[in-house]
Amino acid sequence: MDFKKRVGKFLKYGTLVSSFCFIGVTIIQIYARFFLESAPSWTEEAARFFFIYAMSFAAGLAMKGNYYVKFDVLYNKMNTKQKYILEFIVSILTMLLFIALTIYAIQFVKVGIMERSPSVGFSMAIAFGSIVVMGVFITIYAIWDLQKVIKKLKH
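Residues numbered from 1 in each chain as written. Predicted model: local features only at pLDDT ≥ 70, side-chain atom pairs only at ≥ 80, totals over all residues. Heavy atoms only, no water.

(A) Broad picture of the pattern of salt bridges. The final tally for this structure, using the stated rule, is three salt bridges. With its nearest N and O atoms 3.4 Å apart, the salt bridge here joins R48 to E44. With R48 and E44 both in helix α2 (residues 42-64) and four residues apart, the pair spans about one turn of that helix. Here R48 falls in the partly exposed class, since its relative accessible area comes to 43%. (Salt bridge = Lys/Arg side-chain N within 4 Å of Asp/Glu carboxyl O. Helix = DSSP H or I, 4+ residues; strand = E, 2+ residues; numbered from the N terminus. Buried < 20%, exposed > 50% of the residue type's maximum accessible area, 1.4 Å probe, protein only.)

(B) Here's a closer look at unusual backbone geometry. A positive phi is found at N66, a non-glycine position, where the angle reads about 60°. Of note, N66 is situated in the loop between α2 and α3 (72-75).

(C) Quick look at the nonpolar core. Counting residues in each nonpolar core, the largest one holds 17 residues, and the members touching the most others are V7, L11, F137 and Y141. Put simply, the parts of the chain that give this core at least two residues each are α1 (3-35), α2, α4 (80-112) and α5 (124-154). Looking at this core element by element, the count peaks at eight residues for α5. Setting aside its immediate chain neighbours within four residues, V7 contacts F137, Y141 and W144. (Core = buried A, V, L, I, M, F, W, Y, C linked by side-chain atoms within 4.5 Å. Contact = heavy atoms within 4.5 Å.)

(D) A look at the packing of aromatic side chains. In total, this model carries eight aromatic pairs according to the counting rule given. Their ring planes at 40° and their centres at 5.6 Å tell us that F10 and F137 sit as a pair that is tilted. Of this pair, F10 sits in helix α1 while F137 sits in helix α5, and the two are 127 residues apart along the sequence. Classification of F10 as partly exposed rests on a relative accessible area of 45%. (Phe/Tyr/Trp six-rings, centres within 6.5 Å; stacked < 30°, edge-to-face > 60°.)

(E) Summary view of the side chain of S123. For S123, the location among the structural elements is in the loop between α4 and α5. Those residues in contact with S123, other than ones at most four positions away along the chain, are G112, I113, E115 and R116.

(F) Local environment of the side chain of S91. Mapping S91 onto the fold places it in helix α4. Classification of S91 as buried rests on a relative accessible area of 8%. Not counting residues within four places of it along the chain, the set of residues in contact with S91 comprises A142, D145, L146 and V149.

(G) View of the environment of M124. Tracing the backbone through its elements, the reader meets M124 in helix α5. With residues near it in sequence (within four places) discarded, M124 still touches F49, G112, E115, R116 and S117.

(H) Region of the structure containing the environment of A127. Of note, A127 is situated in helix α5. Note on A127: relative accessible area 9%, which makes it buried. A127 sits 48 residues away from N79 along the chain, and the two C-alpha atoms are 44 Å apart. Setting aside its immediate chain neighbours within four residues, A127 contacts F49, I52 and Y53.

(I) Spotlight on α4. Under the 1.5 Å per step criterion, the end-to-end length of α4 is 47 Å for 33 residues, consistent within 8% with the ideal 48 Å. Residues of α4 that are buried: E87, S91, T94, M95, F98, T102, A105, V109 and G112. Residues of α4 that are buried sit in contact with α2, α3 and α5. The opening residue of α4, the one whose side-chain oxygen lies 3.1 Å from the backbone nitrogen of K81, is N79. (Expected span 1.5 Å × (residues − 1). Polar contact = N/O pair within 3.5 Å; in protein donor to acceptor, adjacent residues only side chain to side chain.)

Here it is as structure tokens:
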């Protein structure tokens, strides 16, 4: 299996596991609110962590599947060469934006190492790490998109 397929599988499983954990913790919280004296304090925070990671993994998949919103009005009026140039510019800007985001997210994770989440007690670096996950995988897919556009421009 090649690297691109492995990355895609990793993101799919990361999204699925995070989503199922989010659903599971939410069900525990709902059950506890209705049938127990009080809901465990950790469920709300754990659900938030799982939701954040589900979105971070899914962001890379959205980039892979080209699911982000586009404005096609102007794009559809362009000729093929202009479309490729625009795709090239968008790929470069996306790559640069998410490289910068990843660099600053790593610094953010370092700050979070010493902080603890209030109810779960985990290092906040775990929560902040989701930004790194998102940035890295969107950057990877932006690089792969850029490679495709460069091949199109050469032809």
